[in-house]
Structure formats: C-alpha cells, structure tokens
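Here is what each chain is made of, one letter per residue.
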Amino acid sequence: MNLWILAEIAIIPRLQNQIVRALCDYPIEWCPSPKTLLMIYERTSSGSPLRKIAIKAYVLRSPANKFQMMTTELPEAIKFDIAICLKLSLDSRRDCHGTRILPREFYVPEGGGL
C-alpha cells in the first residue's frame with residue numbers, strides 16, 4: 001500500500017497500475033484488515049482508486065462470520081464506502097465473478113506526459 005501511495009505522490013500512474021494488477025493477480029486473494037483500511041484512508045484522498053479496490057476486496061473477501069464485528073470499529077467514512085460497495089454489488093450482476101477483482105476498474109489514467 002505504501003508503494004502505491006508513494007507512486008501517487010510522485011505521479012507515477014504506471015507503477016500504481018502495476019500494483020493494482022499485482023493485488024488482483026496475487027495467488028492468495030488479498031483482503032485488507034481494518035487496520036490497513038484505516039491507513040489507506042489516512043493517506044489517500046476521497047475517490048482514490050486504492051480506496052476503491054481496498055473496499056471492494058474487503059466487501060467481497062472478508063469472512064462473513066467476522067464482517068460485522070470487524071466493520072463496527074471503522075470510521076463513518078469507511079462504513080459509508082462499504083455500504084455503497086455492498087449496494088452496488090447487490091444491484092449489479094456484472095460482479096458475478098465471485099471474489100475475483102478486475103484490475104481495469106481501478107486503473108489510474110496513464111495518458112500523455114508533461
């Protein structure tokens with residue numbers, strides 16, 4: 001997560017996108033802990049692709065028996081984003097790929113240089 005944040009500060013979108021691909025392609029499905037979510041929210045801005053992928057991974061991959069207990073302690077901004085993600089997942093059947101997350105949903109535009 002820290003490398004993605006550093007790439008955002010240094011304006012290196014290609015590196016950010018490589019990190020997103022690595023998170024999505026990692027052989028063990030990544031699920032951020034509440035502590036990781038807090039760190040991401042403290043160091044990124046609203047609408048950040050890193051926030052979005054972390055929330056989606058949390059929603060899709062958190063153990064069902066621990067989800068409510070783990071979520072209770074989170075700040076309201078994170079709970080709100082979790083609720084939105086849950087609603088979108090329930091409303092949309094395009095998420096029928098189980099817990100697999102498609103990296104292209106979270107890419108940072110790499111468009112032309114300076």
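As the structure is a computational prediction, the values presented were derived from the model and not from experiment.

Draft legend 1. Main features of the pattern of salt bridges. Under the criterion given, the structure shown has three salt bridges. With its nearest N and O atoms 3.4 Å apart, the salt bridge here joins E110 to R14. Of this pair, E110 sits in the segment after helix 6 (76–91) while R14 sits in helix 2 (residues 13–25); the two residues are 96 residues apart in sequence, bridging distant segments of the chain. With its nearest N and O atoms 3.6 Å apart, the salt bridge here joins K79 to E76. Taken together, the positions of K79 and E76, both in helix 6 and three residues apart, correspond to about one turn of that helix.

Draft legend 2. The arrangement of the packing of helix 1 (residues 2–9) against helix 2 in detail. It is at 8 Å that the axes of helix 1 and helix 2 come closest, and there the two elements cross at 160°. Between helix 1 and helix 2, the angle is such that the two are roughly antiparallel. Crossing handedness for the pair helix 1 and helix 2: left-handed. In this structure, helix 1 uses L3, W4, A7 and E8 to contact helix 2, whose residues at the interface are L15, Q16, I19 and V20.

Rules of the game
- Residues numbered from 1 in each chain as written.
- Predicted model: local features only at pLDDT ≥ 70, side-chain atom pairs only at ≥ 80, totals over all residues.
- Heavy atoms only, no water.
- Salt bridge = Lys/Arg side-chain N within 4 Å of Asp/Glu carboxyl O.
- Helix = DSSP H or I, 4+ residues; strand = E, 2+ residues; numbered from the N terminus.
- Axes fitted to C-alpha atoms, helices over the stretch in contact; angles between N-to-C directions.
- Parallel < 35°, antiparallel > 145°, perpendicular 65-115°, else oblique.
- Left-handed = near helix turned anticlockwise from the far one by under 90°.
- Contact = heavy atoms within 4.5 Å.

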